[in-house]
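# Geometric and topological summary
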Amino acid sequence: MNSLHIIAKAPTSASIAELSAIVDEGDVLIFIEDGIYFARTEFSPSSAPRFNHLECYFLEEDLAARGIDILEGMQTVDTRGFVALSARLPRSVSWY
Amino acid sequence: MNSLHIIAKAPTSASIAELSAIVDEGDVLIFIEDGIYFARTEFSPSSAPRFNHLECYFLEEDLAARGIDILEGMQTVDTRGFVALSARLPRSVSWY
Amino acid sequence: MDNDISNKQTISLIARRAPYGSDGARQTLDIAFAAAVFEKSLNYIFIGDGVFQLVAGQSPKVISSKPLGAALETLELYGISEVFVHRDSLLSRGLTESQLVCRAFLIEDCALKQLIAESTYVINL
Amino acid sequence: MDNDISNKQTISLIARRAPYGSDGARQTLDIAFAAAVFEKSLNYIFIGDGVFQLVAGQSPKVISSKPLGAALETLELYGISEVFVHRDSLLSRGLTESQLVCRAFLIEDCALKQLIAESTYVINL
Amino acid sequence: MTSLADTPKAPGALRYTLLINAAPQSSQASKSALRFAESLLQMGHNIERLFFYGDGVLNASSLTVMPQDEINIPAAWHALIEANGLSSVVCVSSAIRRGIVDTAEAQRHELYATSCFTSSEIGGLGQLIEALSNSDRMLSFG
Amino acid sequence: MTSLADTPKAPGALRYTLLINAAPQSSQASKSALRFAESLLQMGHNIERLFFYGDGVLNASSLTVMPQDEINIPAAWHALIEANGLSSVVCVSSAIRRGIVDTAEAQRHELYATSCFTSSEIGGLGQLIEALSNSDRMLSFG
């Protein structure tokens, strides 16, 4: 059964090596708080994409707070959508 | 005039990119707290050395606490030695 | 009954912080002990800098901290035997199995993903 | 006199945390304002994730936080004009100078090292 | 332990345990958790228990004072807990180490002040494990 | 402001300001700072001021309770400050947000408890800047 990964820290501080070791095919990722800066690295065309073959969401409130735009093809949810994701997936893994 | 850099976080969490941008030739580095794990990466023979051309010290109390041995050629100081370094260099930059 | 439900649940603890520098390692250990008292099925997974928690020969008295390695040595006494160490994390830090304070299963990414997929809850402080 | 001494001192503030996620960005800003009141000579250096503090169009009301970008816009009113942005940090995050809330000098590593070397104190929260 | 049958359950509603692991001022996590909890309840889910751990115990500090234009997170938690009759537990060993004490703890340790909102109970990690036994989901914020 | 001449100075002795930016339980930084401060004084240097900022204000919490076999860091700071007559300032805006209040702040905000050791003064960031003017070195721990 797949997991919802909640990534709350910027790409520079979250340990990407550990994330890669644990995130599985079919898992869902939601980027919240400083995690939304992943929109500027992992998913940007210039850098090697790591998670964009997975179902990924960016939390709208945190994007707006930081003035960060998403690139074409990125999906967003608000907090209610976040709740819905947590209900859909049988478990969550928080990264902070 | 050179600086004393006090590195208190593990190589995985301290942003090495920023450290490199700021550490200057002739600067002195002291690794304390989780910073002493730099003894296992930056300075180990297998990885590319980044700072071992500089004057570097590992805090003895923090090495002992963590059961981490230093490699040949590494220098250590105790807290009094740390104080002496801070007095010798005109300024310090803390990394945490 | 509740007991049936409890017993069906498995909690995976991901220990990925170095000891002493922050409180995270100790917090995870305390949850492990509490879960053991409630006879929960438990996976204790050491990964990333968390593998440093298991290094033998820690003497944190000099920094006024309580020894973590010594506490981890006693896990088996509390019935916690599902202790896993992420092999890549260990090797990339220049450590070997013989330097660890307790017995642990060395695992690769695929086995790790499997453990997570079979867990009811994952606590990753 | 003290005033002479104060005026000879230069404080460099290194802002390297993203805004909102943690308290660091705000703490550094508050020190900048306090130093300005005391007419200290100040270098305000944005580097690493700290460059995100300067991004225009922040609306943190939705997350119950006070706007940081708007506060940084007012630095010049407080007489803080020595604002520096580490060029590599900006570019590697896909940002350009035109997206910033205030005027800032783009600097390379060598100029940055020079600023630090000429500082009396460096505050790097 | 509370029997499962005791918890009211709307169709499709799930029971959540939320673990809050960061201080309100130092990290955005408390605010995220608070907004998540509010949305959960609005959407008809149940909160089995809020568990405040580590620096998270500062979310129960009744001595917190905020400037007028900033949200007082501990007061907001207190209001949410009271309005919805939630179970909220503050980990005792984290709490006393951080100066969060209720009347009982203050008396035990001969302190002359209390600093914990009465809407939260000071308790042990067993209450986290117990809550997990009775939950469908656990999310942590830190 | 204190005149420089007021500070006693041994030959080679320097005046230090220490900025403490982390909570005692959550990070090792407070312990490092405390050991550093003790060594400084033993070696004949002077401490111009301790300044507790951000989560560091929890180092002044008088309500902290530790198990018998663990060090009570706020109590250790309190003892060091009293024994050496040090100047210790807790940043007011960090403090009230984290429930660290002295008698004056408690009265101002109608709280019924105080939580700050009397050996520290609750003050503003100006007192950090002032201390820097009178110091030779500043080290921060967080």
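Residues numbered from 1 in each chain as written. Chains lettered and ligands numbered in written order. Predicted model: local features only at pLDDT ≥ 70, side-chain atom pairs only at ≥ 80, totals over all residues. Heavy atoms only, no water.

## Some thoughts on the overall build of chain A
A tally of regular secondary structure across chain A gives 3 helices and 5 strands. Traced from its N-terminal end to its C-terminal end, chain A shows the element sequence β-α-β-β-α-β-α-β. Taking 12 Å as the expected radius of gyration for a compact globule of 96 residues, we find that chain A reaches 12 Å, a close match to that expectation. Counting only C-alpha atoms, chain A reaches 30 × 30 × 25 Å along its principal axes. Taken across its 96 residues, chain A has 64% of its residues classed as buried. Counting 7 positive and 14 negative side-chain charges, chain A places the centres of these two groups 3 Å from one another. (Helix = DSSP H or I, 4+ residues; strand = E, 2+ residues; numbered from the N terminus. Rg over C-alpha atoms; globule rule 2.2 N^0.38 Å. Buried < 20%, exposed > 50% of the residue type's maximum accessible area, 1.4 Å probe, protein only. Lys, Arg positive; Asp, Glu negative; His and termini not counted. Charge placed at Lys NZ, Arg CZ, Asp CG, Glu CD.)

## Description of the environment of Ile6 of chain A
Note that Ile6 of chain A resides in strand 1 (residues 3–7). For Ile6 of chain A, a relative accessible area of 2% corresponds to the buried category. Considering only alpha carbons, one finds Ile6 of chain A and Ile32 of chain A, 26 residues apart in sequence, at a separation of 7.0 Å. The contact partners of Ile6 of chain A, leaving out residues within four places of it in the chain, are Ile30, Ile32, Phe82, Ser92, Val93, Ser94 and Trp95 of chain A together with Leu139 of chain E. (Contact = heavy atoms within 4.5 Å.)

## Considerations on the relation of the copies chain E and chain F
By a simple turn and slide, chain E fits onto chain F: the slide is 0.0 Å along the axis, the RMSD is 0.0 Å, and the turn is 180 degrees. Given the turn and translation reported, the copies of this chain are related as if by a two-fold rotation axis. When C-alpha distances to the rotation axis are compared across chain E, the minimum falls at Ala113 of chain E, with a value of 2.5 Å. Most of the interface of chain E is mirrored in chain F, where 100% of its interface residues again form contacts. (Least-squares fit on C-alpha atoms with pLDDT ≥ 70 in both.)

## Quick look at helix 2 (residues 73–84) of chain F
All names here are of chain F. Relative to the 16 Å expected for 12 residues at 1.5 Å per residue, helix 2 spans 16 Å between its end C-alpha atoms, a close match to the ideal helical length. Among the structural elements, strand 1 (15–20), helix 1 (29–42), strand 2 (46–52) and strand 3 (88–91) are those in contact with the buried residues of helix 2. With a side-chain oxygen positioned 3.0 Å from the backbone nitrogen of Ala75, the residue opening helix 2 is Asn72. Phi turns positive one or two residues past the end of helix 2, at Gly85, with a value near 55 degrees. (Expected span 1.5 Å × (residues − 1). Polar contact = N/O pair within 3.5 Å; in protein donor to acceptor, adjacent residues only side chain to side chain.)

## Side note on the confidence of the model for chain E
Residues and elements named next belong to chain E. The share of residues in chain E with pLDDT of 70 or more is 93%, and the mean pLDDT across the chain is 93. Every residue in residues 1–6 scores below 50 in pLDDT, and together they form 10 contacts with partners more than four places removed in sequence or on other chains. Note on the complex model: pTM 0.95, ipTM 0.95. (pLDDT = per-residue confidence, 0-100.)

## Section: the interface of chain E and chain F
Taken together, the contact pairs 22 residues of chain E with 22 residues of chain F. Surface buried jointly by chain E and chain F totals about 1900 Å² across both partners, of which 62% is contributed by carbon and sulfur atoms. Per-residue buried area on chain E facing chain F is highest for Leu63, Val65 and Arg97 of chain E; these three make up 37% of the total on that side. Linking chain E to chain F there are 2 salt bridges. (Buried area = accessible area lost by both parts, 1.4 Å probe. Salt bridge = Lys/Arg side-chain N within 4 Å of Asp/Glu carboxyl O.)

## With respect to the arrangement of the chains
For the 11 pairs of chains in contact, the maximum contact count is reached by chains E and F. With no contact formed, the shortest span from any C-alpha in chain C to any C-alpha in chain D equals 16 Å. Chain A makes no contact with chain F; the smallest distance between any of their C-alpha atoms is 14 Å.

## Overview of the pairing of strand 3 (residues 55–59) of chain A
Residues and elements named next belong to chain A. For strand 3, the buried fraction is high: 4 of the 5 residues fall into the buried class. Of the strand pairs in this sheet, strand 2 (residues 28–31) and strand 3 are connected by 4 bridges, and their pairing is parallel. The partner of Leu29 across the bridge, within strand 3, is Cys56. In this region the chain leaves strand 3, passes through helix 2 (residues 60–66) and returns to the parallel neighbour strand 4 (residues 75–77); the handedness of that crossover is right-handed. (Pairing = 2+ DSSP bridges. Right-handed = clockwise from strand over helix to strand, strands pointing away.)

## What about the packing of aromatic side chains?
Evaluated as defined, the whole model comprises 24 aromatic pairs over all chains. With a centroid separation of 3.7 Å and 15 degrees between ring planes, the pair formed by Tyr37 of chain B and Phe52 of chain C is classed as stacked. In this pair, Tyr37 of chain B is assigned in the loop between strand 2 (28–31) and strand 3 (55–59) and Phe52 of chain C in the loop between strand 2 (41–46) and helix 3 (68–73), connecting two distinct chains. No difference in accessibility class separates Tyr37 of chain B from Phe52 of chain C, as the two residues are buried. Of the aromatic side chains, those joined through ring pairs into one cluster are Phe82 of chain A together with Tyr16, Phe36 and Phe141 of chain E. (Phe/Tyr/Trp six-rings, centres within 6.5 Å; stacked < 30°, edge-to-face > 60°.)

## A look at the interface of chain C and chain E
Between chain C and chain E, the contact holds 17 residues from the first and 21 residues from the second. Summed over both partners, the interface of chain C with chain E comes to about 1600 Å²; 64% of that surface belongs to carbon and sulfur atoms. At the boundary of chain C and chain E, one finds 1 salt bridge. Where chain C meets chain E, there are 6 residue pairs in polar contact (both at pLDDT 80 or more). Elements with a minimum of two residues in the side of chain C that touches chain E: helix 1 (2–8), helix 2 (24–37) and strand 5 (121–123) of chain C. Broken down by element, the residue count for the side of chain C that touches chain E peaks at 5 residues, all from helix 2 of chain C. Its residues assigned to classes, the side of chain C that touches chain E shows 10 nonpolar, 3 polar and 4 charged. (Nonpolar A, V, L, I, M, F, W, Y, C, P; charged D, E, K, R; others polar.)

## Some details on the sheet that holds strand 5 (residues 91–95) of chain B
Residue and element names in this part refer to chain B. Strands sit in the order 4-3-2-1-5 across an open sheet of 5 strands; the sheet is parallel. Since the sheet does not close on itself, it has two edges, and those belong to strand 4 (75–77) and strand 5, each with one partner. Taking each pair of neighbouring strands and ignoring which way they run, the sheet shows an average axis angle of 30 degrees. Examined bridge by bridge, strand 3 and strand 4 share 3 bridges and lie parallel to one another. Counted as the bridge partner of Leu59 is Val77 from strand 4. (Axes fitted to C-alpha atoms, helices over the stretch in contact; angles between N-to-C directions.)

## Comments concerning the sheet that holds strand 1 of chain F
Residues and elements named next belong to chain F. Spatial ordering of the open sheet is given by 4-3-2-1-5, a layout of 5 strands whose pairing is parallel. Each edge of the sheet is formed by a strand with only one pairing partner; in this case those strands are strand 4 (121–123) and strand 5 (137–141). The sheet shows a mean angle of 25 degrees between the axes of neighbouring strands, taken without regard to direction. Summarising the sheet, strand 1 and strand 5 pair through 5 bridges and their orientation is parallel. Along strand 5, the bridge assignment pairs Ile20 with Phe141. Sitting on the sheet, helix 5 (residues 126–133) touches strand 1, strand 2, strand 3, strand 4 and strand 5, and the angle it makes with strand 2 is about 160 degrees.

## Side note on the nonpolar core
Core analysis: the largest hydrophobic core is formed by 249 residues, its most contacted members being Tyr44 of chain C, Tyr44 of chain D, Trp77 of chain E together with Trp77 of chain F. Not counting residues within four places of it along the chain, the set of residues in contact with Tyr44 of chain D comprises Leu13, Ala15, Ala25, Thr28, Leu29, Ala32, Leu72, Leu75, Ile80, Glu82, Val83 and Phe84 of chain D. If you look at the next biggest cluster of nonpolar residues, it comprises 14 residues, including Val65, Ile96 and Ala113 of chain E together with Ala113 of chain F. (Core = buried A, V, L, I, M, F, W, Y, C linked by side-chain atoms within 4.5 Å.)

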